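Observations on the three-dimensional arrangement
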Amino acid sequence: MTERPSAFTVDRRGFIRLAGSTAAGWLALGATSDRIRIVASLTALPLDDELTRRSMTDSPTSRLGGLVVGLRQRGWVEGVNFRLELRSTFGAPDRLKTAVQELLDLKPDVILTGSTIETAAVLAATRTIPIVFATANDPVGNGFVESLAHPGGNVTGFTNSTAEMGGKWLQLIREAVPDIARVGVLFNPATTPRGGRFLLDSIEQEAAAAGVSAVPAPVNAPTDIDEAIRRFSEPPKAAMVALVDSFLVVNRQAAVASAAKYRVPTIYPFHYFMDAGGLMSYGPTLEVRSADYVDLILRGTKAGDLPVQSPRKYELLINRTVARSLGLTIPFTLLARADEIRE
């Protein structure tokens, strides 16, 4: 069973009093107290989403909560020697340019981005402010970095998927539902790397080898999700693969609800979808490591000198209760490989 990050309970006021008592205290922690540093973050998620909450005690899976805790452990205390500024596009592509400009106007010391799309938008706007992408696909192919080992420029970060992941998702959903004749591929072309082709190629190759048809199911708005999934509830028997896509993460509740309503077995790329009631997911553990790089950059390290890091581990999660509600009996051979089985 894969261990999950623990929720931290911190006496923030007590910590601030202790850390701020003397300049020597700050030096012991390793952070400088000469000025308030600005850490800016750009996301597509709503500001009240559990993944964007600042406190891990309120939401143990929170990306920002993990960042704040990680920075505190390295001597950076929000409101004392750094300020976190968060802006969201709320999943609307037409808000992206405005949100980026709002962050640039703050003159931040570093910008943390939440996806490939947001990284591209920020990088198009600045080649000087350091950028750390918390998750991104194919940073070399997208032109973000010169190489994974030596990014160069003003950007670095963490990858979340390789192009071959598409074929792996199809293999896994076919093990759970071996008699499918087709597989639908759910994604938003505007927010999926390379308009979906980054992962579609390997899905189509695996589908051809397995004798099933791969059917793209593009969606452009939240209202499209229900109908896109409904089409795969009709014969011939089908399952679905949800691609890595910031739009789908924002709208994960709607996607999971429609899959349950129409009884369409679906595999997802992140455990966030499992937390919303999904059948199964396979993807990187996405432990919050951004604090490491944000800390180093705040201390003067150049982003381009920090290598892009790949996931340390991938995990398979299966919800057996959801499987039963869909009339599925998950094979023991698949359950035995799961990192977590939910009931």
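Here the structure is a predicted model, which means the values were calculated and not measured.

What follows concerns the packing of aromatic side chains. The tally for this structure, following the rule as stated, stands at five aromatic pairs. Pairing F133 with F144 gives two aromatic rings, centres 6.2 Å apart and planes at 50 degrees, and the pair type is tilted. Of the two residues, F133 sits in strand β4 (residues 131–136) while F144 sits in the loop between β4 and β5 (155–159), which places them 11 residues apart along the sequence. Here F133 and F144 have matching classes, each one buried. With a centroid separation of 5.8 Å and 45 degrees between ring planes, the pair formed by F270 and Y272 is classed as tilted. The same class applies to F270 and to Y272, which are both buried. When the ring centre of Y282 is taken as origin, the NZ or CZ atom of K168, which lies over that ring, is 5.9 Å away.

Turning our eyes to something else, we now look at the sheet that holds strand β1 (residues 37–43). Spatial strand order, β2-β1-β3-β4-β5: five strands in an open sheet with parallel pairing. This sheet does not close on itself; its edge strands, each paired only once, are β2 (82–88) and β5. Sheet twist, expressed as the average angle between the axes of neighbouring strands with direction ignored, equals 20 degrees. One ladder, built from four bridges, connects β1 with strand β3 (residues 110–113); its direction is parallel. The residue bridging L42 from the neighbouring strand is T113, located in β3. Along the sheet, helix α3 (residues 63–73) contacts β1, β2 and β3; its crossing angle with β2, the most-contacted strand, is approximately 165 degrees.

Time to look at empty space enclosed by the protein. Evaluation of the coordinates by the stated rule reveals two cavities of 30 Å³ or more. Of the pockets and cavities examined, the second largest cavity occupies roughly 190 Å³. Forming the walls of the second largest cavity are 22 residues, and the residues nearest its centre are G114, S115, T135, D245 and S246. Where the lining of the second largest cavity is concerned, the elements lending two or more residues are α5 (116–125), β4 and α9 (246–250). Looking at the lining of the second largest cavity residue by residue, the class counts come to 10 nonpolar, nine polar and three charged.

This part takes up the sheet that holds strand β10 (residues 280–284). The mixed open sheet is built from seven strands, whose spatial order is β7-β6-β8-β9-β10-β11-β12. Since the sheet does not close on itself, it has two edges, and those belong to β7 (213–218) and β12 (340–342), each with one partner. Strand-to-strand, the axes of this sheet are offset by a mean angle of 20 degrees, without reference to chain direction. Where strand β6 (residues 182–187) meets strand β8 (residues 238–242), five bridges bridge the pair, whose relative direction is parallel. Counted as the bridge partner of R182 is A238 from β8.

With that out of the way, let us pick up the packing of helix α4 (residues 96–105) against α5. Contact pair α4 / α5: the axes reach a minimum separation of 10 Å and the direction vectors enclose 55 degrees. Judged by the angle between their axes, α4 and α5 are oblique. By crossing handedness, the relation of α4 to α5 is classed as right-handed. Across the interface between the two elements, L96, V100 and L104 from α4 touch I117, E118, A121, V122 and A125 from α5. Grouping the constituent residues of the contact of α4 with α5 by class yields seven nonpolar, no polar and one charged.

What counts as what
Residues numbered from 1 in each chain as written. Predicted model: local features only at pLDDT ≥ 70, side-chain atom pairs only at ≥ 80, totals over all residues. Heavy atoms only, no water. Phe/Tyr/Trp six-rings, centres within 6.5 Å; stacked < 30°, edge-to-face > 60°. Helix = DSSP H or I, 4+ residues; strand = E, 2+ residues; numbered from the N terminus. Buried < 20%, exposed > 50% of the residue type's maximum accessible area, 1.4 Å probe, protein only. Lys NZ or Arg CZ within 6 Å of the ring centre and 35° of its normal. Pairing = 2+ DSSP bridges. Axes fitted to C-alpha atoms, helices over the stretch in contact; angles between N-to-C directions. Contact = heavy atoms within 4.5 Å. 1 Å grid on protein atoms, 1.4 Å probe; cavity = no way out; pocket = protein on both sides within 12 Å on 5 of 7 lines; lining within 4 Å. Points joined across faces, edges and corners; volume = space filled by probe spheres on them. Nonpolar A, V, L, I, M, F, W, Y, C, P; charged D, E, K, R; others polar. Parallel < 35°, antiparallel > 145°, perpendicular 65-115°, else oblique. Left-handed = near helix turned anticlockwise from the far one by under 90°.

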